[in-house]
Amino acid sequence: MKRFWWLLVAALVLAGMVLSACGKSSTPTPEAKQPFVFGMLLVGPYNDHGWSQAHYEAGKYVEQKLGAQMLYVDKVNPADRPGTTAEQLAEDLVSKGAKLIIFNSDDMKDAALAFAKKHPDVYVIHASGDVSWKEGKDYHDLSNLSSVMGKMIYGKMMAGCAAAMTTDTGQIGYLGPLINDETRRLASSAYLGAKYCWEHYRGKDPKDLKFKVTWIGFWFNIPGVTSDPTQVADDFFNSGYDVVISGIDTTEALVEAKKFHDQGKNVYAVPYDFKDACSEAPSVCLGVPYFNWGPSYLKLIQAAQDGKWQSTFMWVGPDWKDINNPDTSAIGFEIGDALNDKASDAVTTFIDELANGLNLWTGPLNLQDGTVYLRDGEKATDQQIWYLPQLLEGMEGQSVQQQ
Amino acid sequence: MNERNANLLFATIAILVALVFTSFVLVLAGASPVAAYWYILKGSLGSWTKVADVLVAWVPLLLVTTGLLITFAAGLWNIGIEGQIVLGGIFTTWVLRLLQHSAMAPGLILFLAIAAGALGGALWAVLAGVLKVYGGVNEIFGGLGLDFVAVALTLWLIFGPWKRPGIGSMSGTEPFPESLWLPTLGHTRLSLWALLLGIVSIALVYFLLSGTYFGLKLKAVGKNPRAAYLLGIPATRYLMSAFLLSGLFAGLAGAVQVTAVYHRLIPAISSGYGWLGLMVSMLINFQPAWAAPVTLFFAILNIGSIQLPIVLQLDSSLSGVLQGALVLSFLLMAGVRQKWVARLRAEEGEA
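How each quantity is defined
Residues numbered from 1 in each chain as written. Chains lettered and ligands numbered in written order. Predicted model: local features only at pLDDT ≥ 70, side-chain atom pairs only at ≥ 80, totals over all residues. Heavy atoms only, no water. Helix = DSSP H or I, 4+ residues; strand = E, 2+ residues; numbered from the N terminus. Contact = heavy atoms within 4.5 Å. Patch = residues over 30% accessible without salt bridge, like charges linked within 9 Å, V, L, I, M, F, W, Y side chains within 5 Å. Areas by Shrake-Rupley, 256 points an atom, 1.4 Å probe, with all protein chains shown as cover. Salt bridge = Lys/Arg side-chain N within 4 Å of Asp/Glu carboxyl O. Buried < 20%, exposed > 50% of the residue type's maximum accessible area, 1.4 Å probe, protein only. Buried area = accessible area lost by both parts, 1.4 Å probe. Polar contact = N/O pair within 3.5 Å; in protein donor to acceptor, adjacent residues only side chain to side chain. Disulfide = S-S within 2.5 Å. Pairing = 2+ DSSP bridges. Right-handed = clockwise from strand over helix to strand, strands pointing away.

Participant: Sorry if this is basic, but what is going on with the side chain of A:Ser188 here?
Facilitator: With respect to the helices, strands and loops of the structure, A:Ser188 is situated in helix α6 (residues 181-200). Apart from residues lying up to four places away in sequence, A:Ser188 is in contact with A:Trp361, A:Leu388, A:Gln390, A:Leu391, A:Leu392 and A:Met395.

Spelled out as structure tokens, the structure:
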């Protein structure tokens, strides 16, 4: 008996040693010229087909364009990394040589601020926030801190237009995450785009367009805590809504649309965030509004490398010459296979109109409760759009978190 | 071979199995296991700052495991532990919010806030207990339900009543002023107060379970509530006490998360320590003496594995793989050991 166990132990040790020896050695080779090193903290997995992957690929883009080197840590959130803070992970990256740190999520707002205050010699980029916006409500005067956000309002308008050009029932559903200024702004942009195309390209009365927002309560499904996005999408499709625009991080809207479509129903979806999102269900995908962080990061990191850094707030829109240009456009819209030719032409015309100065954030516009948001002819300021206090008149759904 | 040596041998085998399995996964991922383990070690014990970081991650896990030891002794699966941590965090935040602008001394405010956290955790656990003892709801289902409610409550508070100025943010509530942070040691993030709380807690529970009449009765209830009742132990009261105490330590863990780690209420305030604590408890076969070293080992893995994506471009869920493999192989070896003991006894009986 005893001998058997010793043999087993010996065998295991041996196996372990052999396996270890087989492992590739991965010693980095030192380069002649020291490249500029930047660090990136990703809130989710680097390959999530969504928010974090878009950032990760932007980092790779900068590496390639600038010859810089990226260090990253993904899944930077307390649930995946118990006992750590983003601030501490940033310090870890600095100790490995990073001169600039990107915090890629609203989740890390406080960490980015605390880190920037504590390390004035390290450049900090916070993606998605308004912390370095002088005219914003949450300005922090830190010379080493910049914040970047894409003007997704345009992407959402295009999504809304594609939906309005496709719907047969005149009912569009919006699968919303949690309610805050940002998500209200994006849902409302989708509505503005839908209303415009419905009225001007289809010649219909805006009163006949139903646009309903259902908030699930978070950026993705948490069983038992949020509403189930699968269920919400099903409810939309079962009650006459034939296009669902997704505002959440995951792809339930697309998946459910495909399920219903395969059963013979004419329903469609518009995903969000990531350029290749349609590939999951091309037969029902009308297109996807996506972020392209590469050019913004390149600009900021280049400035840091050349010693020309200045604290800025970048709320960057599409390159209207070509919204899908990977080198210049921060926001793109990839038209999907399911968008029919007529609708596709309309969306293209709509994009041209936007490029030529069409501004849908122009009065008269009322808030959901009927109070005046913009008087006739008044154009919304960036602040008015960024901090939109309610959904707009004509939209169904909650405007504020229920108390 | 006597049983003590056998136990040690089985444990060694379990560790080796887990290591070999993880090494295999590493090789599949195209990495050198030796390098990976080396960087995990270096990234967790390579400097005093790292050691302090490990201790920061250790304290809440130790507190949670401490709490779980009590409910496990009473034969209860306190799955609601996650929710109890969350409620600890919520109560602590609540007291800090109420008193942060008062003239009270920061030390006193912190003391009250941490005590409130313990109270919050205990109340949430008692609720699971009431559901079980008086409502006939199995504590696993009741606890799971209460976990969800706790998380929903946190989100509601962060984006509703406790919303920060400007945009309600995933980053949590507005951070508390530095005067309301538990003071830290030198340039590290480690709070000696939190560390002390963790160590005193596990020592107390170790003594409670192994050296007191209360602990003995609790274990009797855990082994067989009916028999214990017939012997004159009020089983209901002991079960409720177990829940209360367990929740108290979980609540303390939540309080530490707020006052010593994040300094605000965040959506994932529990950090999943409840699930990790349950894993550790199973791994150590519910023996208090092993709680401290094994939770420390888990903390080392959590902190050390950060190096994997940075240095080796490896997926850092690897530490999770190693932890899971350890628990599984220990459970496996426990099964093997039981069979071996049974056979040994049978042979002895024959002889």
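Participant: Can you help me understand a nonpolar patch on the surface in this one?
Facilitator: There is a patch of nonpolar side chains on the surface, built from B:Trp77, B:Ile140, B:Phe141 and B:Phe286 and spanning about 380 Å² of accessible area. Note on B:Trp77: relative accessible area 33%, which makes it partly exposed.

Participant: Would you take a moment to explain the interface of chain B and chain A for this structure?
Facilitator: For an interface, size is often stated in terms of accessible area lost upon the parts coming together. Listed as interface residues are 59 residues of chain B and, on the opposing side, 53 residues of chain A. Summed over both partners, the interface of chain B with chain A buries about 4,900 Å², with 65% contributed by carbon and sulfur atoms. Looking only at chain B, the three residues that lose the most surface to chain A are B:Ile167, B:Met170 and B:Ile310, adding up to 14% of its buried area. The tally of links between chain B and chain A comes to 4 salt bridges. For the salt bridge of B:Arg164 with A:Asp110, the shortest nitrogen-to-oxygen distance reads 2.7 Å. At the boundary of chain B and chain A, one finds 14 residue pairs in polar contact (both at pLDDT 80 or more).

Participant: I tried to follow the state of the cysteines on my own but got confused; where do I start?
Facilitator: Here, disulfide denotes a covalent bond that connects the sulfur atoms of two cysteines. Residue and element names in this part refer to chain A. Per the stated rule, a full pass over the model turns up 2 disulfides over all chains. Each sulfur of the disulfide joining Cys-161 and Cys-197 lies 2.1 Å from the other. Taking the torsion about the S-S bond as the criterion, the Cys-161 to Cys-197 disulfide, at about -100°, is left-handed. Taken together, the positions of Cys-161 in helix α5 (residues 152-166) and Cys-197 in helix α6 put the pair 36 residues apart, joining distant regions of the chain. Look at Cys-161 and you get buried, because its relative accessible area is 0%. Shown here is the disulfide that connects Cys-278 with Cys-285, its sulfur atoms set 1.9 Å apart. Handedness here is read from the sign of the S-S torsion; for Cys-278 and Cys-285, about -55°, the answer is left-handed. Taking the relative accessible area as the measure of exposure, Cys-285 reaches 0% and is therefore buried.

Participant: Is there a simple way to think about the pairing of strand β1 (residues 37-41) of chain A in this case?
Facilitator: It is a general feature of regular strands that their side chains alternate between the two faces of the sheet. Residue and element names in this part refer to chain A. Burial analysis of β1 places 5 of its 5 residues in the buried class, the great majority of the element. With 5 bridges joining them, β1 and strand β2 (residues 69-73) adopt parallel strand pairing. Bridging across to β2, Phe-38 finds its partner in Met-70. Once you follow β1 into helix α2 (residues 51-66) and on to β2, the crossover reads as right-handed. Both β1 and strand β3 (residues 100-103) contribute to a ladder of 4 bridges, which runs parallel. Looking at the pairing, Met-40 lines up with Ile-102 of β3.

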